Amino acid sequence: MRARPLFRTAALFVVAALVAGACSGSGSDRSLPSSSVFFSPEGTEATLAQFEGQPVVLNFFASWCPPCVAELPEFEEVSREFAGRVQFVGVNTDFDEDAWLNLVDQTGVTYPTFFQPSAELFRSSESPAMPTTLFLDSDGVIRHTFAGRLTQDVLRDLIGEHLV
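Conventions used here
- Residues numbered from 1 in each chain as written.
- Predicted model: local features only at pLDDT ≥ 70, side-chain atom pairs only at ≥ 80, totals over all residues.
- Heavy atoms only, no water.
- Helix = DSSP H or I, 4+ residues; strand = E, 2+ residues; numbered from the N terminus.
- Buried < 20%, exposed > 50% of the residue type's maximum accessible area, 1.4 Å probe, protein only.
- Core = buried A, V, L, I, M, F, W, Y, C linked by side-chain atoms within 4.5 Å.
- Contact = heavy atoms within 4.5 Å.
- Polar contact = N/O pair within 3.5 Å; in protein donor to acceptor, adjacent residues only side chain to side chain.

Draft legend 1. View of unusual backbone geometry. Backbone torsion omega between Met130 and Pro131 reads -10°, so that peptide bond is classified as cis. The residue Pro131 is located in the loop between helix 4 (120-124) and strand 7 (132-136) in this model. Even without being a glycine, Ala119 presents a positive backbone phi close to 55°. With respect to the helices and strands, Ala119 occurs in the loop between strand 6 (113-115) and helix 4. By relative accessible area, which is 12% here, Ala119 ends up buried. Phi at Glu126 is positive, roughly 60°, even though this residue is not glycine.

Below you can see the structure in the form of structure tokens.
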């Protein structure tokens, strides 16, 4: 009986440490698979390779994720501020293409968003949470990972610290 509360405490500590590490993780000179295919609103295939040569804020989101929905308008505003210096890219992991397109329309996002129901890129990010935002340098190397909802101010600070 006594081991049970200790086990729960240890398990909670491990989970909290993993989440805290993901929320403030620095880059590890890792890259995502640049050949992983996702789809544009027009249905054409795209990959991360098309964004090489420029710093990228890569945001994974889904319509079923309230923090994702809340941060998308803020990402839109910051993307306009950094236009020409940092490329914003959204990758939706919903199972339903209509849910993705409706969410983008509802939140007013104009930067490129793509659909990848397989969530291959999200899984390769090794993040424990949605939303997740990756900060990729112009070579496609992950310089920072943030798991959870980002505010405009924190997003601006992270871009300044890791990309520009």
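Still more to cover.
Draft legend 2. Summary view of the nonpolar core. Val57, Leu58, Phe60, Phe88, Phe135, Leu155 and Ile159 are the most contacted members of the largest nonpolar core, which has 42 residues in total. Per-element accounting of this core gives the leading share, 5 residues, to strand 4 (residues 56-61). Look past the residues within four positions of Phe60 in its chain and what remains in contact with it is Leu32, Cys68, Val91, Leu121, Phe122, Ser125, Met130, Pro131, Thr132 and Leu134.

Draft legend 3. Broad picture of the environment of Thr110. When you line up the elements, Thr110 lands in the loop between helix 3 (97-107) and strand 6. Thr110 gets classed as exposed once you look at its relative accessible area, which sits at 58%. When the C-alpha positions of Thr110 and Glu76 are compared, they lie 6.9 Å apart, and in sequence the two are 34 residues distant. Ignoring sequence-local partners within four residues, the contact set of Thr110 consists of Glu76 and Arg80. At 2.5 Å, the side chain of Thr110 forms a polar contact with the side chain of Glu76.

Shape descriptors only; they carry no functional weight alone.
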